[in-house]
Amino acid sequence: MMEIIERLKVKGITLTPQRIAIVEFLGKSVAHPTVEDIHKAIKRKYPTMSMATVYSTLRLLKELGEIQELSIMKRGKACFDPNPKLHHHFLCRKCGKILDMDVDCPIIKKGWVSGCRVEEAQAYLYGVCSECLKKEQSAKE
Ligand SMILES: [Zn+2]
Ligand SMILES: [Zn+2]
């Protein structure tokens, strides 16, 4: 994640401690946080941090191609992914967690589908995650 900070410096982006805190938080997170999640976490260290600052920093990072905004909804809110590369996601209907799916889905690929040229493919899978399944299982026993 420090690489991002280096790249931002090279691009001439002003790095306030708040912005660095947001970048660092995103780098550590694997849970695809929403704006609220990020705001809540950063506010512990920077009580004056506003939602507007979080929004503007995320917008900037998105424009720079450092993060991506997912259109999959986490509790009805858009969430952010520190991995800017195209990959698939899984939403657990039980706990609302969004997981990265490191599968090369053979059905969803670049190419031609019904006469349309597919240039990008990002799948959203829905179901119950392994942790929730384990809980379900132990509740039955
Ligand atoms: Zn789950
Ligand atoms: Zn992801």
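Worth saying up front: this structure is predicted, and the values here are computed from it rather than measured.

**Concerning the coordination of the zinc ion (ligand 2)**
Then comes step 1: Within the protein, the atoms that donate to the zinc ion (ligand 2) are His 32 (NE2), Asp 81 (OD), His 87 (NE2), His 89 (NE2) and Asp 100 (OD), at distances of 1.9 to 2.2 Å.
Then comes step 2: For the zinc ion (ligand 2), all donor residues lie on one chain, and their spacing in sequence is H-x48-D-x5-H-x1-H-x10-D. Placement of the pair is His 87 in the loop between β2 (77-81) and β3 (88-92) and Asp 100 in strand β4 (residues 98-101), with a sequence separation of 13 residues.
Then comes step 3: Overall, the relative accessible area of 8% leaves His 87 in the buried class.

**Digging into the side chain of His 39**
Then comes step 1: Along the chain, the position of His 39 falls in helix α3 (residues 35-43).
Then comes step 2: Judged by its relative accessible area of 13%, His 39 falls in the buried class.
Then comes step 3: Every residue in contact with His 39, bar those within four places of it in the chain, is listed here: Met 49, Ser 50, Met 51 and Val 54.

**Quick notes on the domain arrangement of the chain**
Then comes step 1: Each assigned domain of the chain is listed with its residue range as follows: domain 1 (1-84) and domain 2 (86-141).
Then comes step 2: On a C-alpha basis, the centroid separation for the pair domain 1 and domain 2 is 24 Å.
Then comes step 3: If you look at the interface, domain 1 gives 13 residues, while domain 2 gives 11 residues.
Then comes step 4: It is His 32, Gln 68 and Ile 72 that lose the most area in domain 1 upon contact with domain 2, and together they represent 50% of the buried surface on that side.
Then comes step 5: At the junction of domain 1 with domain 2, the criterion picks out zero salt bridges.
Then comes step 6: The interface formed by domain 1 and domain 2 holds seven residue pairs in polar contact (both at pLDDT 80 or more) in total.
Then comes step 7: Only β1 (68-74) and β2 provide two or more residues apiece to the side of domain 1 that touches domain 2.
Then comes step 8: Top element by residues in the side of domain 1 that touches domain 2 is β1. It accounts for six residues.
Then comes step 9: For the side of domain 1 that touches domain 2, the residue count by class is seven nonpolar, four polar and two charged.

**Here's the deal with the coordination of the zinc ion (ligand 1)**
Then comes step 1: At the metal site, the zinc ion (ligand 1) is ligated by Cys 92 (SG), Cys 95 (SG), Cys 129 (SG) and Cys 132 (SG), and these contacts range over 2.3 Å.
Then comes step 2: Counting the intervening residues between successive donors of the zinc ion (ligand 1) yields the motif C-x2-C-x33-C-x2-C. Judged on exposure class, the residue Cys 129 and its partner Cys 132 are both buried.

Calculation criteria
Residues numbered from 1 in each chain as written. Chains lettered and ligands numbered in written order. Predicted model: local features only at pLDDT ≥ 70, side-chain atom pairs only at ≥ 80, totals over all residues. Heavy atoms only, no water. Donors = N, O, S within 2.8 Å, 3.2 Å for Na, K, Ca; no water. Helix = DSSP H or I, 4+ residues; strand = E, 2+ residues; numbered from the N terminus. Buried < 20%, exposed > 50% of the residue type's maximum accessible area, 1.4 Å probe, protein only. Contact = heavy atoms within 4.5 Å. Domains from an automatic or database assignment. Buried area = accessible area lost by both parts, 1.4 Å probe. Salt bridge = Lys/Arg side-chain N within 4 Å of Asp/Glu carboxyl O. Polar contact = N/O pair within 3.5 Å; in protein donor to acceptor, adjacent residues only side chain to side chain. Nonpolar A, V, L, I, M, F, W, Y, C, P; charged D, E, K, R; others polar.

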